[in-house]
Amino acid sequence: MMIKTCILLISIIYNYDFIAVRSAVAPAETTAEFDEMVSGTQRKYYMLGGKGGVGKTSCAASLAVKFANNGHPTLVVSTDPAHSLSDSFAQDLTGGTLVPVDGPISPLFALEINPEKAREEFRDVSKKNGGTGVKDFMDGMGLGMIAEQLGELKLGELLDTPPPGLDEAIAISKVIQFLESQEYNMFTRIVFDTAPTGHTLRLLSLPDFLDKSIGKILKLRQKISSATAAIKNVFGQEETRQDASDKLEKLRERMIKVRDLFRDTDSTEFVIVTIPTVMAISESSRLRASLTKENVPVKRLIVNQILPQSASDCKFCAMKRKDQTRAIEMIQNDPELSSLMLVQAPLVDVEIRGVPALQFLGDIVWK
């Protein structure tokens, strides 16, 4: 009788904890509505971003695994200069090339954009025995003549540090490849693990900035005919004025295409990831305001590392949970965040590393 009573009590406590955890993690009204995310064969882009250290990489990698396990050929891309995608998948993704990930039903590939490698190529662009990588990159952007001019002037040798915005420019070049290259046609879902807030906002604003800047340059070129000789000196002696204008116009068209992609509500969504602290939520609110200004569609807010409910709390846990509850209320009262779909992700007691762990996290978060 005593044994049966103990078993019954254990069962009640276990079921209470399980139900409490589920209610804290994903109430019915705050699920991610993954059915909507996974439906359709049209290619869709998901960009996950927020303050550093909130779990963007784990959420992005788990979403990619979830897509692949639901039949979508998927690519997950890290645009963060301080990559951690390799750590999440527990395999080396540092080569700057597509790497297949084992396990999911459909093909899953991962790519860490390698800014250090691009910087080295940029420094080497003036050397006769190498440095073709940046020229190829700039050719693809319609700016090959600038790489040639750098080589002639040997400016690459003077660059101890890369020019500002190179990381973002490289990421933009990859987005162009996703749009234009046959190599990426197979993917119906592309997930971005983005850099912390500042880098990501520069990335999203770069196409619009270049579009406006190139437009001004082209207008000046049309108005100032006396500048022909100087322009030829900048763009190379063999470049005609019309050639240079055509290449600038081609670059402008590509920037418009990328800008429109970032703003397309049918194919692109930015998912903000945060944790339940005042600092993280304040930054998330500013991020949402900036994304709205850039016309980037945002629908979901992931609140990561929520303490699950427990039948018995220590003093520290009770205080921590009280702080987190206050943070959730802050979201609900925030004019930038309150309209978003709120998805609560629990603080788990295992390290999220490798495909099985990512699948475990994905089943909790992406419901």
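This text gives an overview of the structure that appears in the document. Since this is a predicted model, take the numbers as computed values, not measurements. (Residues numbered from 1 in each chain as written. Predicted model: local features only at pLDDT ≥ 70, side-chain atom pairs only at ≥ 80, totals over all residues. Heavy atoms only, no water.)

Next up on the list: the overall build of the protein. The helix and strand inventory of the protein stands at 14 helices and 8 strands. Of all 367 residues assigned to the protein, the portion counted as buried reaches 48%. The contacts of the protein with a sequence gap of at least 6 include a subset with a gap of at least 24, amounting to 78%. For the protein, the exposed surface amounts to about 18500 Å²; the carbon and sulfur share of it is 56%. (Helix = DSSP H or I, 4+ residues; strand = E, 2+ residues; numbered from the N terminus. Buried < 20%, exposed > 50% of the residue type's maximum accessible area, 1.4 Å probe, protein only. Contact = heavy atoms within 4.5 Å. Areas by Shrake-Rupley, 256 points an atom, 1.4 Å probe, with all protein chains shown as cover.)

The next point concerns the sheet that holds strand β2 (residues 74–78). Strand order in the open sheet formed by 8 strands is β3-β4-β2-β5-β1-β6-β7-β8, and the pairing between neighbours is mixed. The open sheet terminates on both sides in strands that have one partner only, identified here as β3 (99–101) and β8 (341–346). Ignoring which end each strand starts from, the neighbouring axes of this sheet average 25° apart. Inspection of the sheet shows β3 paired to strand β4 (residues 108–112) by 3 bridges, in the antiparallel sense. Bridged to proline 100 within β4 is phenylalanine 109. (Pairing = 2+ DSSP bridges. Axes fitted to C-alpha atoms, helices over the stretch in contact; angles between N-to-C directions.)

Time to look at the nonpolar core. Membership of the largest hydrophobic core comes to 44 residues, with the highest contact counts inside it found for Phe178 and Phe270. With 7 residues, helix α8 (residues 166–180) is the largest single contributor of residues to this core. Beyond its immediate chain neighbours, meaning those up to four positions away, phenylalanine 178 contacts Arg43, Tyr45, Leu75, Val77, Leu111, Tyr184, Ile190 and Phe192. Grouped together as the second largest cluster of nonpolar side chains are 38 residues, Ala60, Ala61, Val355 and Leu361 included. (Core = buried A, V, L, I, M, F, W, Y, C linked by side-chain atoms within 4.5 Å.)

Counted according to the given criterion, the structure contains 1 cavity of 30 Å³ or more. Within this model, the largest cavity holds a volume of roughly 100 Å³. Forming the boundary of the largest cavity are 13 residues, of which Thr79, Asp80, Pro81, Asp167 and Ala171 lie nearest the centre. Listing elements by their share of the lining of the largest cavity, those giving two or more residues are α8 and α9 (197–223). (1 Å grid on protein atoms, 1.4 Å probe; cavity = no way out; pocket = protein on both sides within 12 Å on 5 of 7 lines; lining within 4 Å. Points joined across faces, edges and corners; volume = space filled by probe spheres on them.)

For β2, a buried count of 5 out of 5 residues is recorded, marking the element as mostly surrounded by other parts of the structure. Residues of β2 alternate between two faces, with Thr74, Val76 and Ser78 on one and Leu75 and Val77 on the opposite face, all of them buried. Both β2 and strand β5 (residues 189–193) contribute to a ladder of 5 bridges, which runs parallel. Along β5, the bridge assignment pairs leucine 75 with isoleucine 190.

Running from amino to carboxyl end, helix α12 (residues 278–293) crosses helix α13 (residues 315–332) at an angle of 15°, the nearest separation of the two axes being 10 Å. One finds that α12 runs roughly parallel with respect to α13. The way α12 lies across α13 gives a crossing that is right-handed. In this structure, α12 contributes Val278, Ile281 and Ser282 to the contact, and α13 contributes Ala327, Met330 and Ile331. Here the contact of α12 with α13 is built from residues that sort into 5 nonpolar, 1 polar and no charged. (Parallel < 35°, antiparallel > 145°, perpendicular 65-115°, else oblique. Left-handed = near helix turned anticlockwise from the far one by under 90°. Nonpolar A, V, L, I, M, F, W, Y, C, P; charged D, E, K, R; others polar.)

The geometry of helix α3 (residues 56–69) relative to helix α14 (residues 355–365) is characterised by a closest axis approach of 8 Å and an angle of 90° between their N-to-C directions. Relative to α14, α3 is oriented roughly perpendicular. For the pair formed by α3 and α14, the contact residues are Ser58, Ala61, Ser62, Val65, Lys66 and Asn69 on the first element and Val355, Leu358, Gln359, Leu361, Gly362 and Asp363 on the second. Partitioned by chemical class, the residues of the contact of α3 with α14 number 5 nonpolar, 5 polar and 2 charged.

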